[in-house]
Structures are given as structure tokens and as C-alpha cells.
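Breakdown of the fold
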Amino acid sequence: MKLLEFLILGKNEAILPILLRLVNANENWNGVSFSDEKIAQEYFLNNKIDIVLLSSGIEDHIEKEFTSFCLKHHPDVEVIEHFGGGSGLLQSEILHRLHLKGKI
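All values derive from a computational prediction rather than experimental measurement.

What follows covers the packing of aromatic side chains. Under the criterion given, the structure shown has four aromatic pairs. With a centroid separation of 5.0 Å and an interplanar angle of 45°, the aromatic rings of F6 and W29 are classed as tilted. Pair noted here: F6 is in strand β1 (residues 4-9) and W29 is in strand β2 (residues 29-34), with a separation of 23 residues, a long-range link. Every member of this aromatic cluster is reached through a ring pair, and the members are F44, F66 and F69.

See below:
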């Protein structure tokens, strides 16, 4: 499996490092996290991202705008909302989405 690049966006400063650690614990995954959507957008434009994880604390309109932005610039990116549930759930959500899209 190729290395998957993740961008994690969330406003809960306590959760972001946990998600980042869980993503980076997988040898085939590499993640970066942001709490500011403008900085995340800039990073997204300058890097090849496979999966965008949206975490807790993001206002609905920001979530919609960020999702639209990502899909406009990279239509093949997977945008996944993850609001908790532990590492097993996170990995299952990601693998399930990739399986449904025929990417694994």
C-alpha cells in the first residue's frame, strides 16, 4: 500500500494531537494537523493530500466551505468527518471509505 497523506482539521486543541498520533502510528499513513482553516487550505494547495479528516469544534459553515474547497482543488481527495470513538473506529472509518472508493 502506498503512503497516504492526511490533513487533519479541528478546533479542539486537546483532540488534534491524539488524532495526529493515531494517524502517524500507521506505517502507511502520514499526517499533519491544523486548527486554522486558512493555514490548512494553504498547506492543502501546496501538498498532495489523500485524506482530509475533519475533527470536532469546526462550525458547520466552515466545515462545508473547507470540504468544498478541498474537492474543488482535488476532486479525488477523501473528506471524512471524525468526531471521536477511539483509534479502532478511526482506522475502520478510513479503511471502509477507501474500500468503498476502490482505493484499497
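That shown, we press on.
So, on to the packing of helix α2 (residues 37-46) against helix α3 (residues 60-73). Where α2 contacts α3, the axes come no closer than 11 Å and their chain directions differ by 10°. Overall, the two elements α2 and α3 adopt an arrangement that is roughly parallel. In contact with E37, A40, Q41, F44 and L45 of α2, α3 contributes I62, F66, F69, C70 and H73. Here the residues of the contact of α2 with α3 are counted per class, giving seven nonpolar, two polar and one charged.

Quick look at the pattern of salt bridges now. Applying the stated criterion across every chain yields a total of three salt bridges. Of the charged contacts, one joins K2 and D50 as a salt bridge, the two residues approaching to 3.0 Å between their closest N and O atoms. Linking K2 in the segment before β1 with D50 in the loop between α2 and β3 (51-54), this pair joins segments that are 48 residues apart in sequence. As a salt-bridge pair, K48 and D50 come within 3.9 Å of each other at their nearest N and O atoms. Residue classification places K48 among the exposed positions, given a relative accessible area of 52%.

So, on to α2. Within the span of α2, buried status applies to E37, A40, Q41 and F44. Taken end-on, α2 shows its buried residues confined to a sector of 100°, consistent with a single buried face. Seen from the buried face of α2, the exposed residues on the opposite side, beyond 90 degrees, are K38, E42 and N46. Lining the buried residues of α2 we find β1, β2, β3 and α3.

As summarised here, the arrangement of the four strands in space is β2-β1-β3-β4, forming an open sheet in which the pairing is parallel. A single partner strand is all that each edge strand has here, and the edge strands are β2 and β4 (78-81). Neighbouring strand axes in the sheet, compared pairwise and without regard to direction, differ in orientation by 20° on average. Where β1 meets β3, four bridges bridge the pair, whose relative direction is parallel. The partner of I8 across the bridge, within β3, is L53. On the sheet, α2 packs against β1, β2 and β3 and is oriented at approximately 165° with respect to β1. The sheet strands contacting α3 are β1, β3 and β4, and the helix crosses β3 at an angle near 180°.

Criteria and cut-off values
Along each chain, numbering runs from 1 in the same order as the chain's sequence is written. Predicted model: local features are reported for residues with pLDDT of at least 70 only, side-chain atom pairs are reported and counted for 80 or more only, and whole-chain, interface and lining totals are derived from all residues. Calculated side-chain values reflect all of the structure's heavy atoms, with hydrogen atoms and water omitted. In this analysis, rings of Phe, Tyr and Trp, with Trp reduced to its six-membered ring, are considered paired at centre separations within 6.5 Å, and the interplanar angle assigns stacked below 30 degrees, edge-to-face beyond 60, and tilted for intermediate values. Helix and strand assignments follow DSSP, with helices taken as H or I runs no shorter than four residues and strands as E runs no shorter than two, numbered in order from the N terminus. Axis definition: a line fit to C-alpha positions, over the contact stretch in the case of helices; interaxial angles, taken between N-to-C directions, run 0 to 180 degrees. What sets the label is the angle itself: under 35 degrees gives roughly parallel, over 145 gives roughly antiparallel, 65 to 115 gives roughly perpendicular, and the rest give oblique. Throughout, a residue-residue contact means that at least one pair of heavy atoms, one from each residue, lies within 4.5 Å. Each residue gets one of three labels, nonpolar for Ala, Val, Leu, Ile, Met, Phe, Trp, Tyr, Cys and Pro, charged for Asp, Glu, Lys and Arg, and polar for the others, Gly among them. The term salt bridge refers to a pairing of a side-chain nitrogen on Lys or Arg with a carboxyl oxygen on Asp or Glu at a separation within 4 Å. Per-residue accessibility, obtained with a 1.4 Å probe over protein chains only, is compared with the maximum for each type, and a residue is labelled buried under 20%, exposed over 50%, and partly exposed between these values. Starting at the helix axis, one direction is taken to each C-beta atom, and the arc is that of these directions. Here, strands pair whenever DSSP counts at least two bridges between them.

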